Amino acid sequence: MTSSYLAGLNPEQLAAVTAPQGSTLILAGAGSGKTRVLTTRIAHLIHTGQAPARGILAVTFTNKAAKEMTARLQAMAPIHIGGMWIGTFHGLCHRLLRAHALEAGLPALFQIMDSADQLAAIKRLLKALNVDDERYPAKEVQHFINSAKESGLRAGSLDGAQPFERRLAELFAAYDEQCAREGLVDFPELLLRTHELLTRNEILRAHYAARFQHILVDEFQDTNRLQYQWLRLLASGGASVFAVGDDDQSIYAFRGAYTGNMHEFQRDFGIQGIIKLEQNYRSQGNILDAANALIRHNTGRLGKELWTGRGPGSPIIVHAAPSDQDEAAFIAQAVAGLAAEGVPLSDIAVLYRSNAQSRSLEHALFNAAIPYRVYGGLRFFERQEIKHALAYLRLVANPQDNGALERVINFPPRGIGARTLAQLADTAAQHGIALSDALTRGPGVGKSGAALAQFARTLAEMRAACQAAALPEQVEHVLRLSGLSAHYAASRSEADRLENLAELVNAAAAFVDEYTAAADPGLAPVGLPPLTAFLSHASLEAGEYQAEGAAQALSLSTAHAAKGLEFHTVFLSGLEEGLFPHEHSLNDRGGVEEERRLLYVAITRAKERLFLSYAQNRMLHGQVRYGLASRFLRELPSELLAHAGQREAAALDPRTTREREPSSPWHVGQNVSHPKFGTGIIIDCEGRGQDARVQVNFGASGVKWLVLEYARLSPA
DNA sequence: GTACATACAGTTTTT
DNA sequence: CTGTATGTAC
């Protein structure tokens, strides 16, 4: 019997896909076909009868990855994925907690806070407890609580010897109490609560451990300690864990990712040998050689060397610009040149270390009239107007949600300020009730009393209107009765916010369709109101309804946000000491190595062309900073690099050159061929008209200056 | 209670 | 330079 789905796999991929019973660690290099291996492995397990679909659990970090895996599986013709669990760590934990809320000690209609909601909740708590916010800034308290939870610790199990730590632990305990009172769960809580549930409840643990005989984990190098404990717990019934990761691409240690899990996994699961996927299907040789050479400077690697069957390709172009503006102009002109050569803008990316760097780039691109989209902007469900609407909806779904009430009690403005709010909080505290219940319990006199009473009537009206309505209508009622629609309609400058609110109604409608049509009833626990489900969805998948930018646009992104993407051409800007590696990383243990991995990730995004640039002068925080070339540039083999000067930057742009010398189609970065020297790449241009000369790197034949009038050069 | 002014800090980020 | 957060005047 032929197994067509295995066709075309290389030997290592095949070994991974068909790995025998037991746990496996796959070291999957960038561009090595990792997602294909994961999905084909699942297909193989089902095809060979090693597991039914319902016995498979696949875990990813992002919704995007989970979606892609699901889509690829559905595209593999005869596979039924019904009963299979595919999702993010948080999404899967959410599902488990919805199914077993009671056993987990949560209210049936618990809600999920995103990080911003959590921070607001902590600020509210600190204020209520009169905590000195100089000594205990909300952000630090949040970090303390989240790191504790991500290490599997509760306030009670923290033994702080120092008074400072003890106080933090007290705040942690008070925060958890507040969450319990209001029926709220934060992101790390989803994981910790699930872990505790499965630890304490042997029946449930046995059930799930027996059900999931195959657990597949994507981006394993990004797991934190709690996630690894979670996996061990679920695998305690003898499941085979198929972990796919790349220690060289670990760039999230700063948020708790622990690559040590890769070592612990080998020990805990008795891994015999690691399967390494080193053949790269994305980049040309020079790019891979540069990436390999760079990452060799790191210590303690599991060890891996990317290779390709394709040729070396073009040299990597390095450009030293006098200033950040010159750097941006160089990039803009080179992009225009590539576009003129026929490279689609959507296949080009400009990457940088920190978001602030996008400014000068955007400026130059705007001037050059090059369309672009900036990755990782504000996401749909995180927009101010959407957050406001969601807060009203949260109040409808759960009157106990004090955070939601505080957010909207005076938005749109209705004359309820800090003073009135403090009184309301006092009343609520005295009676031990929620803020929304205290609205009608206060003195009820004077201007503020009337405003509170009016607000209470608004909320009651909203709840009544939503009583029997379908979700999209509930959203419409809330937008109207809250006054949000009217508020934004009245402002000309905020017309787009009104549009976004209309989009929220559409999102709700789309969600209902998906929710009711869910193939797996387990996805939609019986009796969970669509509104509660929608609110959870909004917290867990904030980027879901991200507006797609123009299709024909250049991508601007941080190196972090570009992970997992690929482009024909990549520009890496700001390769300066202090920026990349970032100065903040120099003090951290392993900081520079993480920066090096980040650059490794960035380099391996490029398929054919790679440009590296830095500025000798950079405007930063309103001051000029003098930059030195990044140490990482010196770690790249010089034979892979070609230096392009700044003089010819203007000559790069065919639109500006065309005006002066319409006949010159040559520009830096262009591939050319010469009858005697073979193929090469232009690395410099000089002069114009009859004097025009170009410097070409012919690889083996060396670097030559050629006078265009005589050299029989042709585009290649 | 709201509007403006001044001070201040300023990596990377998904759920 | 820029957005945020707090403080002061109406």
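Description of the structure in this document. (Residues numbered from 1 in each chain as written. Chains lettered and ligands numbered in written order. Predicted model: local features only at pLDDT ≥ 70, side-chain atom pairs only at ≥ 80, totals over all residues. Heavy atoms only, no water.)

**Details of the protein's contact with DNA strand C**
Item 1. Taken together, the residues surrounding DNA strand C are Arg359, His621 and Gly622.
Item 2. If you look at DNA strand C and keep only atoms within 4 Å of the protein, 46% of those are sugar or phosphate atoms. (Near = heavy atom within 4 Å.)

**Topic: the protein's contact with DNA strand B**
Item 1. The local shell around DNA strand B holds 27 residues, among which Asn63, Ser115, Arg353, Asn355 and Thr420 are the closest.
Item 2. Counted by atom, the contact set of DNA strand B within 4 Å of the protein is 51% sugar and phosphate.
Item 3. Asn63 is positioned with one of its backbone polar atoms (N or O) 2.7 Å from a phosphate oxygen of DNA strand B.
Item 4. Within the side chain of Ser115, a nitrogen or oxygen atom sits 2.6 Å from a base oxygen of DNA strand B.
Item 5. Residue contributions to the surface near DNA strand B peak at three residues, all from helix α17 (residues 418–431). (Polar contact = N/O pair within 3.5 Å; in protein donor to acceptor, adjacent residues only side chain to side chain. Helix = DSSP H or I, 4+ residues; strand = E, 2+ residues; numbered from the N terminus.)

**A few points about the sheet that holds strand β1 (residues 24–28)**
Item 1. The strand order β3-β2-β6-β7-β1-β8 describes an open sheet built from six strands, whose pairing is parallel. Looking at strand neighbours, the two that pair on one side only are β3 (85–88) and β8 (275–277), the edges of this open sheet. Neighbour to neighbour, the strand axes of the sheet diverge by 15 degrees on average, direction disregarded.
Item 2. In terms of strand pairing, strand β2 (residues 56–60) meets strand β6 (residues 214–217) through four bridges, oriented parallel. The residue of β6 that forms the bridge with Val59 is Val217.
Item 3. Sheet strands in contact with helix α3 (residues 63–75) are β2 and β3, and its direction is about 155 degrees off that of β3. (Pairing = 2+ DSSP bridges. Axes fitted to C-alpha atoms, helices over the stretch in contact; angles between N-to-C directions. Contact = heavy atoms within 4.5 Å.)

**Notes on the packing of aromatic side chains**
Item 1. Inspection of every chain in the model, using the stated rule, returns 18 aromatic pairs.
Item 2. With a centroid separation of 6.2 Å and an interplanar angle of 70 degrees, the aromatic rings of Phe220 and Tyr228 are classed as edge-to-face. Of the two residues, Phe220 and Tyr228, both sit in the buried class.
Item 3. One aromatic cluster in this structure is built from Phe380, Phe381, Phe511, Tyr515 and Phe534.
Item 4. The ring centre of Phe110 lies 3.9 Å from the NZ or CZ of Arg98, which sits over that ring. (Phe/Tyr/Trp six-rings, centres within 6.5 Å; stacked < 30°, edge-to-face > 60°. Buried < 20%, exposed > 50% of the residue type's maximum accessible area, 1.4 Å probe, protein only. Lys NZ or Arg CZ within 6 Å of the ring centre and 35° of its normal.)

**Brief notes about empty space enclosed by the protein**
Item 1. Tallied over the entire structure, the rule returns two cavities of 30 Å³ or more.
Item 2. Considering the residues around the largest cavity, the lining is formed by Ile112, Asp114, Asp117, Phe381, Lys387, Leu390, Arg394, Leu535, Ala538 and Ser539.
Item 3. Looking at the lining of the largest cavity, the elements that each hand over two or more residues are α15 (384–397) and α23 (530–540).
Item 4. Classifying every residue of the lining of the largest cavity gives five nonpolar, one polar and four charged.
Item 5. Roughly 30 Å³ of internal volume is contained in the second largest cavity.
Item 6. Lining the second largest cavity we find Leu57, Trp85, Leu92, Leu96, Tyr208, Phe212, Trp230 and Leu234.
Item 7. Of all the secondary structure elements, the ones that give two or more residues to the lining of the second largest cavity are α4 (89–99) and α10 (225–234). (1 Å grid on protein atoms, 1.4 Å probe; cavity = no way out; pocket = protein on both sides within 12 Å on 5 of 7 lines; lining within 4 Å. Points joined across faces, edges and corners; volume = space filled by probe spheres on them. Nonpolar A, V, L, I, M, F, W, Y, C, P; charged D, E, K, R; others polar.)

**Examining the side chain of Glu595**
Item 1. Position of Glu595 relative to the elements: it lies in helix α24 (residues 591–603).
Item 2. A residue is classified by how much of its surface remains accessible, and Glu595, at 4% relative accessible area, is buried.
Item 3. Leaving out residues up to four positions away in the same chain, Glu595 has contacts with Arg353, Leu579, Phe580, Pro581, His582, Ser585 and Phe632.

**Re the environment of Val335**
Item 1. Here Val335 shows up in helix α13 (residues 324–341).
Item 2. For Val335, the contacting residues outside a window of four places in its chain are Leu345, Ile348, Ile370, Leu554 and Phe571.

**Some remarks on the packing of helix α22 (residues 495–516) against α23**
When two helices pack together, their arrangement is captured by the angle between the axes and the distance separating the axes.
Item 1. For the pair α22 and α23, the least separation of the axes is 10 Å and the interaxial angle reads 110 degrees. The angle between α22 and α23 places the two elements in the roughly perpendicular class. Seen from above, α22 lies across α23 with right-handed handedness. In this structure, α22 contributes Leu504, Ala507, Ala508, Phe511 and Tyr515 to the contact, and α23 contributes Pro530, Ala533, Phe534 and His537.
Item 2. Residues that form the contact of α22 with α23 fall into these classes: eight nonpolar, one polar and no charged. (Parallel < 35°, antiparallel > 145°, perpendicular 65-115°, else oblique. Left-handed = near helix turned anticlockwise from the far one by under 90°.)

**Quick notes on the environment of Ala629**
Item 1. Looking at the secondary structure, you find Ala629 in the loop between β15 (623–626) and α25 (631–634).
Item 2. Note: C-alpha distance between Ala629 and Gly578 (51 residues apart in sequence) is 9.6 Å.
Item 3. For Ala629, the residues in contact, after removing those within four places along its chain, are Leu575, Glu576, Glu577, Tyr614 and Arg634.

**Comments concerning the packing of α4 against α10**
Item 1. At a closest axis distance of 12 Å, the pairing of α4 and α10 adopts a crossing angle of 55 degrees. As judged from the angle between their axes, α4 and α10 are oblique. Two packed elements cross with a definite hand, and for α4 against α10 that hand is left-handed. Together, Phe89, His90, Leu92, Cys93 and Leu96 of α4 and Gln227, Trp230 and Leu231 of α10 make up the contact between the two elements.
Item 2. For the contact of α4 with α10, the residue count by class is six nonpolar, two polar and no charged.

**Here we look at the pattern of salt bridges**
Item 1. Evaluation of the coordinates by the stated rule reveals 38 salt bridges.
Item 2. For the salt bridge of Arg267 with Asp268, the shortest nitrogen-to-oxygen distance reads 3.1 Å.
Item 3. A relative accessible area of 27% places Asp268 in the partly exposed class.
Item 4. Through salt bridges with shared partners, a single network forms among Lys149, Arg154, Asp176, Asp186, Glu189, Arg193 and Glu196. (Salt bridge = Lys/Arg side-chain N within 4 Å of Asp/Glu carboxyl O.)

**Some points on unusual backbone geometry**
Item 1. The omega torsion across Phe411 and Pro412 is -5 degrees, close enough to zero to call that bond cis.
Item 2. Inspection of the secondary structure puts Pro412 in the loop between α16 (402–408) and α17.
Item 3. With an omega of 10 degrees, the peptide bond between Phe580 and Pro581 qualifies as cis.
Item 4. Secondary-structure assignment places Pro581 in the loop between β13 (567–572) and α24.
Item 5. For Glu219, which is not glycine, the phi dihedral falls at a positive 50 degrees.
Item 6. The residue Glu219 is located in the loop between β6 and α10 in this model.
Item 7. Of note in this structure, Ala369 is not a glycine but carries a positive phi near 60 degrees.
Item 8. Structurally, Ala369 can be placed in the loop between α14 (358–367) and β11 (372–374).

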